[in-house]
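# Understanding the architecture of this molecule
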Amino acid sequence: MKIGRLLRDRVLCAGLAVAFGAFALTFRGPRERFWQRMTFTGLGLGTLALLAEPELRRTRVKSQDIWQGLGSAMLLYGVFHIGDRLARRILPSGATEIESIYDLRALRPRPEIAARLAVVIGPAEELFWRGLVQARLMRMYGKWPGMVAATVAYGGAHVVTGNLALIGAATVAGAFWGLLSAMKVPTATLIVSHVAWDVVIFLVAPTVPERGMRPRLQSHSTPRPVGMTPV
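Every chain's residues receive numbers from 1 upward, in the order its sequence appears when written. At least 70 in pLDDT is required for a residue's local features to be given in this predicted model, at least 80 for side-chain atom pairs to be given and counted, and no such filter applies to totals for whole chains, interfaces and linings, which use all residues. Each side-chain value is derived from all of the structure's non-hydrogen atoms; neither hydrogens nor water enter the calculation.

Salt bridge criterion: a side-chain nitrogen from Lys or Arg within 4 Å of a carboxyl oxygen from Asp or Glu. Under the criterion given, the structure shown has 6 salt bridges. A salt bridge links E53 to R136; its shortest N-O distance comes to 2.7 Å. Taken together, the residues span a long stretch of sequence, with E53 in the loop between α3 (34-52) and α4 (63-90) and R136 in helix α6 (residues 110-141) at a distance of 83 residues. R136 shares its class with E53; the two are buried. The partner of R139 in a salt bridge is E53, with the nearest N and O atoms 3.0 Å apart. Taken together, the positions of R139 in helix α6 and E53 in the loop between α3 and α4 put the pair 86 residues apart, joining distant regions of the chain. Classification of residues uses two cut-offs on accessible area relative to the type maximum, computed with a 1.4 Å probe and protein chains only: under 20% is buried, over 50% is exposed, and between them is partly exposed. Since its relative accessible area comes to 56%, R139 is described here as exposed. On the accessibility criterion, E53 (6% relative accessible area) is buried. Via salt bridges that share partners, D9, E53, R136 and R139 belong to a single interconnected network. Working definition: helices are DSSP H or I runs of at least four residues, strands are E runs of at least two. Numbering for both runs from the N terminus.

Each patch groups residues whose relative accessible area exceeds 30% and which form no salt bridge, using 9 Å between like charges and 5 Å between nonpolar side chains of Val, Leu, Ile, Met, Phe, Trp and Tyr. Accessible surface area values rest on a Shrake-Rupley calculation with a 1.4 Å probe, where residue burial reflects the displayed protein chains alone. A contiguous nonpolar surface patch, about 410 Å² in accessible area, is contributed by V61, I66, W67 and L70. By secondary structure assignment, the location of V61 is in the loop between α3 and α4. Given the relative accessible area of 49%, V61 is considered partly exposed.

Structure follows, in structure tokens:
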């Protein structure tokens, strides 16, 4: 894979630099304002994708996108139930890392988190990572090398968290949606899939039972880096 091609695409290079920087600030900033930062990151990356790829502006969700998106989200949900069990067995701190991700549910009211995921964060991630990054990488290097490169970039953006379970989850989810994108599944379907998966696995039916969740975090606790987030 020739790096020169990538460097010649200034929009893509700048976008990746902004994304990695924004993810670092989002994940490592004060925990209590995590969702606000994540929303601003989504707004920025989603806007960049819409400006750089005009065809994304024509994205409209149709009934077919809803059913296909929900179906693919449930398939990925099943994969993650298996992955949850494996992570707990393979990774020394797997259980702790997974439960730490769910601690973020206590930072804001759940209806508000669901709205942020559905209106901004989920759609923005698909517009940017698949609609802009993967689309351009596939044009440069071919369908499958481009898909793999985009998946690596998506997982790599989460390395700053230092959470192996989260990095693995992001990479698997990125590969799943990346594969669908490479197979020409519409962006609208990917957005529905991403939003549905985020809301279900994080708020509706998490892989960690409610009784296994940690006590609600107090707003007056000392801020600390997040290092965790839903994909």
